[in-house]
Amino acid sequence: CRSCSSVFSQNETDTLEIYSYGLESKDRDNSIAEWALMSTVKELSKFGYSLRINDEIKGLSGVMHRFSGVVHDSSDDSVKLVLDIVSSDSELGEQHALSFILKVKDVKAENSLLVVNSKISSEARRIIESQKINLLVATDATMLPERLRTLIGSLLSEMGMKQKA
């Protein structure tokens, strides 16, 4: 000990927590979403796409719409996919589903993906599926980057095949 010069072992010590940091739930959710998207950037660039995180696109109505991520074709900067990652502690309802659909329709996105980390109401799921919006329910945040990479890769390869046909 520096103050009394006593000698003691590690077993005789106590650990005191001096600082503790945490994130508000909204900030935590945004951090998880950005982390998941950042893990897909490198993979997308290999296939000629770029991903812009928290990007805004002007819709046909003139309104600017913000998406968690927007995938662009690197050759002509066209929008190939828009996606939102929604983190919620409660069940996702039809209000949020309708809001996302409105944004997608207004920007005339070729493809869209809604990612949620919670349960989704049957009404919201039905509305999303009726509009041919891709849905990923990922309750395990550690699996989100891999599932996101796989699904986005699959959607973009499908679009590439349709354009060649």
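Residues numbered from 1 in each chain as written. Predicted model: local features only at pLDDT ≥ 70, side-chain atom pairs only at ≥ 80, totals over all residues. Heavy atoms only, no water.

## Notes on the sheet that holds strand 1 (residues 49–58)
Link 1 in the chain: An order of 1-2-3-4-5 is seen for the five strands of this open sheet, with the pairing classed as mixed. At either margin of the open sheet sits one strand with a lone partner, and together these are strand 1 and strand 5 (134–137). Averaged over all pairs of adjacent strands, the angle between strand axes in this sheet comes to 25°, irrespective of strand direction.
Link 2 in the chain: Where strand 2 (residues 64–73) meets strand 3 (residues 79–86), four bridges bridge the pair, whose relative direction is antiparallel. Looking at strand 3, one finds that histidine 72 is bridged to valine 79.
Link 3 in the chain: Along the sheet, helix 2 (residues 94–107) makes contact with strand 1, strand 2, strand 3 and strand 4 (112–116), crossing strand 2 at roughly 55°. (Pairing = 2+ DSSP bridges. Helix = DSSP H or I, 4+ residues; strand = E, 2+ residues; numbered from the N terminus. Axes fitted to C-alpha atoms, helices over the stretch in contact; angles between N-to-C directions. Contact = heavy atoms within 4.5 Å.)

## Some details on helix 3 (residues 122–130)
Link 1 in the chain: Taken as a whole, helix 3 has its buried residues at Ala124, Ile127 and Ile128. Axial view of helix 3: buried residues confined to an arc of 95°, hence all on one face. Of the exposed residues in helix 3, the ones pointing more than 90 degrees away from its buried face are Ser122 and Arg126.
Link 2 in the chain: On the buried face of helix 3, the contacting elements are helix 2, strand 4 and strand 5.
Link 3 in the chain: The positive-phi residue at the C-terminal boundary of helix 3 is lysine 132, with phi of around 60°. (Buried < 20%, exposed > 50% of the residue type's maximum accessible area, 1.4 Å probe, protein only. Arc of directions from axis to C-beta.)

## Some details on the side chain of aspartate 55
Link 1 in the chain: Residue placement: aspartate 55 occurs in strand 1.
Link 2 in the chain: At 4.2 Å, arginine 52 is the nearest oppositely charged side chain to aspartate 55, a buried residue that forms no salt bridge.
Link 3 in the chain: Ignoring any residue separated from it by four or fewer positions in sequence, one finds aspartate 55 in contact with His65, Arg66, Phe67, Val70 and His72. (Lys, Arg positive; Asp, Glu negative; His and termini not counted. Salt bridge = Lys/Arg side-chain N within 4 Å of Asp/Glu carboxyl O.)

## Observations regarding the pattern of salt bridges
Link 1 in the chain: Within this structure, the stated rule accounts for five salt bridges.
Link 2 in the chain: The residue lysine 80 makes a salt bridge to glutamate 110 at a minimum N-O spacing of 3.1 Å. Pair noted here: lysine 80 is in strand 3 and glutamate 110 is in the loop between helix 2 and strand 4, with a separation of 30 residues, a long-range link.
Link 3 in the chain: Relative accessible area serves as the criterion here: at 6%, lysine 80 is assigned to the buried category.

## Structural notes on the packing of helix 2 against helix 3
Link 1 in the chain: It is the contact of helix 2 with helix 3, at a shortest axis distance of 8 Å, that shows an interaxial angle of 20°. On the basis of their axis angle, the class for helix 2 and helix 3 is roughly parallel. With respect to the hand of their crossing, helix 2 and helix 3 are arranged in right-handed fashion. Facing helix 2, whose interface residues are Glu94, Ala97, Leu98 and Ile101, helix 3 presents Glu123, Ala124, Ile127 and Ile128.
Link 2 in the chain: Here the residues of the contact of helix 2 with helix 3 are counted per class, giving six nonpolar, no polar and two charged. (Parallel < 35°, antiparallel > 145°, perpendicular 65-115°, else oblique. Left-handed = near helix turned anticlockwise from the far one by under 90°. Nonpolar A, V, L, I, M, F, W, Y, C, P; charged D, E, K, R; others polar.)

## Here's the deal with the environment of arginine 126
Link 1 in the chain: Turning to its location among the elements, arginine 126 is positioned in helix 3.
Link 2 in the chain: Relative accessible area serves as the criterion here: at 55%, arginine 126 is assigned to the exposed category.
Link 3 in the chain: With 32 residues separating them in the primary sequence, arginine 126 and glutamate 94 have C-alpha atoms 9.0 Å apart.

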